[in-house]
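Chain by chain, the residues:
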Amino acid sequence: MHTRPLPGTDLSLSVLGLGCWAMGGLYWGDDVRDEDSIATVRAALDLGVNWFDTAPLYGEGHADAVLARALGDRRHEVVIATKVGVRARGRHGHAESDLSPAHIRADAEASLRRLGLDCIPLLQIHWPCERGTPLADSLGALVRLQEDGLVRHIGLCNYSAEALREARALAPVVSLQTPLSLLRRAFEGPLQRACVDLGVGALAYEPLCRGLLTGRYQGAVSFPDTDQRSWDERFQGARLRHGQGLTADLARAAARLGVPTAALALGWVIDREGVTAAVVGAKRPAQLRQSAQADRLVGRPRVWSVVDRIASLHGGS
Ligand SMILES: NC(=O)c1ccc[n+]([C@@H]2O[C@H](COP(=O)([O-])OP(=O)(O)OC[C@H]3O[C@@H](n4cnc5c(N)ncnc54)[C@H](OP(=O)(O)O)[C@@H]3O)[C@@H](O)[C@H]2O)c1
């Protein structure tokens with residue numbers, strides 16, 4: 001699989017990273033099984049995927065445990081990107097970002113223990129603070145973890161262009177995890193410009209729109225209450241029909257190219273300016289093997305003009 005340097009670091013990331021959210025077993029329905037997750041992580045290694053994205057929130061530590069078990073000693077050879085800052089049950093009973101220096105340190109140290117690491121290769125703030133800690137204080141805490149040798153590189157997730165510029169002036173932030181897919185394109189514009197100008201690598205998450213862009217969800221769809229897609233508006237009514245229409249056209253183009261629909265949707269994300277890599281979820285090896293075929297499409301601008309035409313027929317960005 002192609003790799004790309006993460007700007008400003010000694011890391012080289014495969015164009016696809018494996019996202020471990022579903023492996024946590026919460027919010028992704030009733031068909032998540034540890035043995036499938038472990039097989040998926042091992043398939044990722046065989047496919048040349050060299051980085052894995054997890055978070056304390058994913059199954060409240062379960063995704064970390066499964067990832068560490070699946071990787072075994074190979075956890076020291078790959079890049080584990082994890083996150084910091086979110087309390088699963090905040091003041092109002094739901095997940096809340098607490099970026100106080102004390103919580104950042106405690107959260108990072110707990111991740112090190114769960115993942116069986118001495119140093120986290122990439123530690124990302126999961127989302128902006130909801131408790132009023134100034135950004136400078138939070139970043140200061142991350143820099144101290146770096147100085148103590150517990151963290152190699154610092155990244156952010158879900159920050160605006162303006163906040164990214166502010167953060168970059170305060171600390172050596174190297175990456176921004178942000179949503180990007182053919183059905184969620186807010187990245188294009190000031191945020192993309194900021195990443196390119198600052199040399200911050202964008203890591204695009206949810207590139208398959210939670211599976212919608214694979215073509216699997218046609219016609220009427222229904223999910224169990226344990227699956228967040230049961231309340232996701234992109235899987236309901238007009239928005240669902242819009243996504244399905246775009247995906248159907250994408251599927252026809254993918255068939256002509258001889259690749260799975262998921263691979264075409266992912267390849268488009270990977271080749272956006274400023275994007276270092278996409279982080280894709282998969283519950284089973286077969287899903288990841290389909291997605292990994294996106295690698296065959298890297299650097300094919302004529303393919304992207306076809307996909308852009310399809311997207312514009314469906315209302316563009
Ligand atoms: N930083 C953040 O705030 C943030 C937020 C969201 C996500 N992320 C990261 O990004 C990763 C990826 O995002 P995501 O998992 O939310 O969404 P995604 O990658 O767009 O979708 C993943 C889901 O699509 C389905 N799928 C995958 N490949 C498929 C295939 N070939 N054919 C059919 N279905 C397929 C699977 O679910 P089913 O089999 O159930 O359909 C899979 O769990 C996460 O795991 C996480 O690491 C980060």
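Just so we're clear, the structure is a prediction, and the values are computed from it rather than from any experiment.

This part is about the overall build of the chain. A tally of regular secondary structure across the chain gives 10 helices and 12 strands. Its C-alpha atoms give the chain a radius of gyration of 19 Å, near enough to 20 Å, the size a compact globule of 317 residues would have. Over its C-alpha atoms, taken along the principal directions, the chain stretches across nearly 50 × 40 × 40 Å. The buried share of the chain, taken over its 317 residues, is 56%. Across the chain, every contact between residues at least 6 apart in sequence was considered, and the portion connecting residues at least 24 apart equals 76%. Only carbon and sulfur atoms are counted for the fraction: they give 50% of the accessible area of the chain, which is about 13,000 Å². In the chain, 37 side chains carry a positive charge and 35 a negative one; their mean positions are 6 Å apart.

Among the 31 residues in the neighbourhood of the ligand, the closest are listed as Asp-53, Arg-216, Tyr-217, Arg-229 and Lys-283. One nitrogen or oxygen atom from the main chain of Gly-211 is found 3.4 Å from an oxygen atom belonging to the ligand. Across the complex, the protein chains shield 96% of the 900 Å² of accessible surface that the ligand would expose by itself. When contributions to the shell around the ligand are tallied by element, the ones reaching two or more residues are strand S12 (275–281) and helix H9 (285–292).

With that out of the way, let us pick up the packing of helix H7 (residues 237–257) against helix H10 (residues 301–313). A pair of packed helices is characterised by two quantities: the angle between their axes and the separation of those axes. In the contact formed by H7 and H10, the axes pass within 9 Å of each other and the chain directions differ by 160°. With respect to each other, H7 and H10 are oriented roughly antiparallel. The handedness of the crossing between H7 and H10 is right-handed. Where H7 abuts H10, its residues Leu-246, Asp-249, Leu-250, Ala-253 and Leu-257 lie against Val-303, Val-306, Val-307, Ile-310 and Ala-311.

Applying the stated rule across the entire model yields 27 salt bridges. For Arg-152, the salt bridge goes to Asp-10, with nearest N and O atoms at 3.2 Å. Of the two residues, Arg-152 sits in strand S9 (residues 151–157) while Asp-10 sits in the loop between strand S1 (3–5) and strand S2 (12–14), which places them 142 residues apart along the sequence. By relative accessible area, Arg-152 is classed as partly exposed at 37%. Overall, Asp-10 belongs to the exposed group, its relative accessible area being 56%. With a shortest N-O distance of 2.8 Å, Arg-87 and Asp-98 are connected by a salt bridge. Of this pair, Arg-87 sits in strand S6 (residues 86–87) while Asp-98 sits in the loop between strand S7 (96–97) and helix H3 (101–115), and the two are 11 residues apart along the sequence. Under the relative-accessibility criterion, Arg-87 is labelled partly exposed at 32%.

Analysis parameters
Residues numbered from 1 in each chain as written. Predicted model: local features only at pLDDT ≥ 70, side-chain atom pairs only at ≥ 80, totals over all residues. Heavy atoms only, no water. Helix = DSSP H or I, 4+ residues; strand = E, 2+ residues; numbered from the N terminus. Rg over C-alpha atoms; globule rule 2.2 N^0.38 Å. Buried < 20%, exposed > 50% of the residue type's maximum accessible area, 1.4 Å probe, protein only. Contact = heavy atoms within 4.5 Å. Areas by Shrake-Rupley, 256 points an atom, 1.4 Å probe, with all protein chains shown as cover. Lys, Arg positive; Asp, Glu negative; His and termini not counted. Charge placed at Lys NZ, Arg CZ, Asp CG, Glu CD. Near = heavy atom within 4 Å. Polar contact = N/O pair within 3.5 Å; in protein donor to acceptor, adjacent residues only side chain to side chain. Axes fitted to C-alpha atoms, helices over the stretch in contact; angles between N-to-C directions. Parallel < 35°, antiparallel > 145°, perpendicular 65-115°, else oblique. Left-handed = near helix turned anticlockwise from the far one by under 90°. Salt bridge = Lys/Arg side-chain N within 4 Å of Asp/Glu carboxyl O.

By themselves, these observations are geometric and do not establish any function.
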